[in-house]
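# Fold and contact review
Spelled out, the chains give:
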Amino acid sequence: MATDYYAVLGVRRDASQDEIKKAFRRLARELHPDVNPDPKTQERFKEINAAYEVLSDPQKKQVYDLGGDPLSANGGGGGAGGFGAGGFGNFSDIMDAFFGTASQRGPRSRTRRGQDAMIRLEIDLSEAAFGTTKDIQVDTAVVCNTCSGEGAAPGTSAQTCDMCRGRGEVSQVTRSFLGQVMTSRPCPQCQGFGTVVPTPCPECAGDGRIRSRRTLTVKIPAGVDNGTRIQLAGEGEVGPGGGPPGDLYVEIHELPHAVFQRRGDDLHCTVTIPMTAAALGTKCPLETLDGLEEIDIRPGTQSGQSVPLHGRGITHLRGGGRGDLIVHVEVTTPSKLDAEQERLLREFSKLRGEERPLGQFQPGQQGLFSRLKDAFNGR
Ligand SMILES: [Zn+2]
Ligand SMILES: [Zn+2]
């Protein structure tokens, strides 16, 4: 045999199992890749693994003592004189058993995705109805031009952290009642990044991004409503280390209109006309979103009736078409009549036989007395 397993572990040929185990553990602590990632050391580490695998197993030890190679007899070796990944994997199992699982998480990236951003945009009703294009000012983090997001001052670069040797975490072997336990924690020197920036970029203080104001042109589709959010992918905050940006959400805030109230995609307004116009019929000019139109008030229109203007509302956000504009009619009763007006109205009333009307009560619309009575009767 080319390899002297006893020499590798530094024990005599007549060493007891206990001595072999102790020697292995001492070496493993020293040479573990978590402690010492140097390639030469790792080669040694594989050797002690192989040596221990053979010498700790009475059967394999016997084969070895008689001049055989129990590892290649296992069929695990595979290559010319060396232990492949199989042997190393085997070793990991042993290490896990000895030290507890020391999972290799590796350094975390300095580059992370940025956050989403939101901006409120005020539009008027007409813009909501027909859609519009708006320029908005946004204030977000953008990649620092000075360091291109690297965070290092120009002419310098991030260096591998000497405390964790780029692993981003440091390991510690502690004794406990279970034996020796290896624990890992983020490297305090590099905060787990595995690299340190000796000379941070003066522009962004090493963050890789700076705040900047820019103008974006946003297309607002027809039919948006109060609270509608328009997503602009990739227009949000750039992440730390110049990481990919989040999204920007533009939240629509619809300004109230002087005349129209919006309910869904319908618009409502109220027109007030005198009693005579309601009785005789009239035409009312109305400035709609589409321009000046005439509302046709039919003769005999009652207060509270409405006149719909189909297709004069808000564009449906999905599916096209438009809602309606509904004009509610309110009839005013004339007051402060002069002598002549009063005389004419009395005459009119006499002609209609309405001098002493009884009035008509509608079902379900009884007055206060009826409601009180119901309350007393417990209905
Ligand atoms: Zn910078
Ligand atoms: Zn470190």
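To start, this report covers the structure provided alongside it.

Scoring rules and cut-offs
Residues numbered from 1 in each chain as written. Chains lettered and ligands numbered in written order. Predicted model: local features only at pLDDT ≥ 70, side-chain atom pairs only at ≥ 80, totals over all residues. Heavy atoms only, no water. Helix = DSSP H or I, 4+ residues; strand = E, 2+ residues; numbered from the N terminus. Buried < 20%, exposed > 50% of the residue type's maximum accessible area, 1.4 Å probe, protein only. Contact = heavy atoms within 4.5 Å. Areas by Shrake-Rupley, 256 points an atom, 1.4 Å probe, with all protein chains shown as cover. Donors = N, O, S within 2.8 Å, 3.2 Å for Na, K, Ca; no water. Tetrahedral: all angles 85-135°; square planar, octahedral: opposite > 155°, others 65-115°. Core = buried A, V, L, I, M, F, W, Y, C linked by side-chain atoms within 4.5 Å. Expected span 1.5 Å × (residues − 1). Pairing = 2+ DSSP bridges. Axes fitted to C-alpha atoms, helices over the stretch in contact; angles between N-to-C directions. Phe/Tyr/Trp six-rings, centres within 6.5 Å; stacked < 30°, edge-to-face > 60°. Parallel < 35°, antiparallel > 145°, perpendicular 65-115°, else oblique. Left-handed = near helix turned anticlockwise from the far one by under 90°.

### Considerations on the overall build of the chain
The helix and strand tally for the chain stands at 10 helices and 15 strands. A buried classification covers 33% of the 379 residues belonging to the chain. The long-range share in the chain, meaning contacts at least 24 apart out of those at least 6 apart in sequence, stands at 65%. Per element, the accessible surface of the chain, about 23,200 Å² overall, is 50% carbon and sulfur.

### Focus: the coordination of the zinc ion (ligand 1)
As a benchmark, a tetrahedral metal site with four donors has ideal angles of 109.5 degrees, while an octahedral site with six donors has ideal angles of 90 or 180 degrees. Within the protein, Cys144 (SG), Cys147 (SG), Cys201 (SG) and Cys204 (SG) serve as the donor atoms for the zinc ion (ligand 1), at 2.3 Å. Relative to the metal, the four donor atoms surrounding the zinc ion (ligand 1) lie at angles of 106 to 114°, and the coordination shape comes out tetrahedral.

### Looking at the nonpolar core
By size, the foremost hydrophobic cluster in this structure holds 21 residues, and its most contacted members are Tyr5, Leu9, Val11, Ile20, Ile48 and Leu55. Elements supplying a minimum of two residues to this core: α1 (5-9), α2 (17-31) and α3 (39-55). Excluding residues that lie within four positions of it along the chain, Leu55 makes contacts with Tyr5, Tyr6, Leu9, Gln17, Ile20, Lys61 and Tyr64. Ranked by size, the runner-up nonpolar core spans 20 residues in total, among them Ala278, Cys284, Leu289 and Ile314.

### Points about α3
A rise of 1.5 Å per residue sets the reference length of α3, with its 17 residues, at 24 Å; its end C-alpha atoms lie 24 Å apart and thus fit the reference within 8%. All of the buried residues along α3 are Thr41, Phe45, Ile48, Asn49, Ala50, Ala51, Tyr52, Glu53, Val54 and Leu55.

### Concerning the coordination of the zinc ion (ligand 2)
For the zinc ion (ligand 2), the protein coordination sphere consists of Cys161 (SG), Cys164 (SG), Cys187 (SG) and Cys190 (SG), at 2.2 to 2.3 Å. Angles of 104 to 115° at the metal separate the four donor atoms of the zinc ion (ligand 2), which places the site in the tetrahedral class. Along the chain, the residues donating to the zinc ion (ligand 2) fall in the pattern C-x2-C-x22-C-x2-C. Residue Cys164 is found in the loop between β3 (159-160) and β4 (169-176), and its partner Cys190 is found in the loop between β5 (179-186) and β6 (195-196); the two are separated by 26 residues along the sequence. Residue classification places Cys190 among the buried residues on the basis of a relative accessible area of 1%.

### Thoughts on the sheet that holds strand β9 (residues 248-254)
Strand order across the open sheet formed by three strands is β1-β9-β8, with mixed pairing between neighbours. Two strands lie at the open edges of the sheet, namely β1 (117-123) and β8 (229-232), each paired on one side alone. Neighbouring strand axes in the sheet, compared pairwise and without regard to direction, differ in orientation by 25° on average. Bridging between β1 and β9 involves seven bridges; their strand directions are parallel. Its bridge partner being in β9, Ile123 is matched across the sheet by Glu254.

### Observations concerning the packing of aromatic side chains
Inspection of every chain in the model, using the stated rule, returns three aromatic pairs. Taking 6.1 Å as the distance between ring centres and 45° as the angle between the ring planes, the aromatic pair formed by Tyr6 and Tyr64 counts as tilted. Here the residue Tyr6 occupies a position in helix α1, and Tyr64 occupies one in helix α4 (residues 58-65), the gap between them amounting to 58 residues. Assigned by exposure class, Tyr6 and Tyr64 land together as buried. The interplanar angle of 5° and the centroid separation of 4.0 Å between the aromatic rings of Phe24 and Tyr52 together place this pair among those described as stacked. Separated by 28 residues along the polypeptide, Phe24 in helix α2 and Tyr52 in helix α3 bring together distant segments of the chain. This pair shows no difference in class: Phe24 is buried, exactly as Tyr52 is.

### Section: the packing of α2 against α3
Closest axis-to-axis distance for the α2/α3 pair is 10 Å, and the angle between their directions is 160°. Looking at the two axes, α2 sits roughly antiparallel to α3. Here the hand of the crossing between α2 and α3 comes out left-handed. Where α2 approaches α3, its residues Gln17, Ile20, Lys21, Phe24, Leu27, Ala28 and Leu31 are matched on the opposing element by Thr41, Arg44, Phe45, Ile48, Asn49, Tyr52 and Leu55.

### Quick look at the environment of Pro186
Along the chain, Pro186 turns up in strand β5. When the C-alpha positions of Pro186 and Glu169 are compared, they lie 4.2 Å apart, and in sequence the two are 17 residues distant. Beyond its immediate sequence surroundings of up to four residues, Pro186 is in contact with Gly168, Glu169 and Val170.

This is a description of form; function is not addressed.
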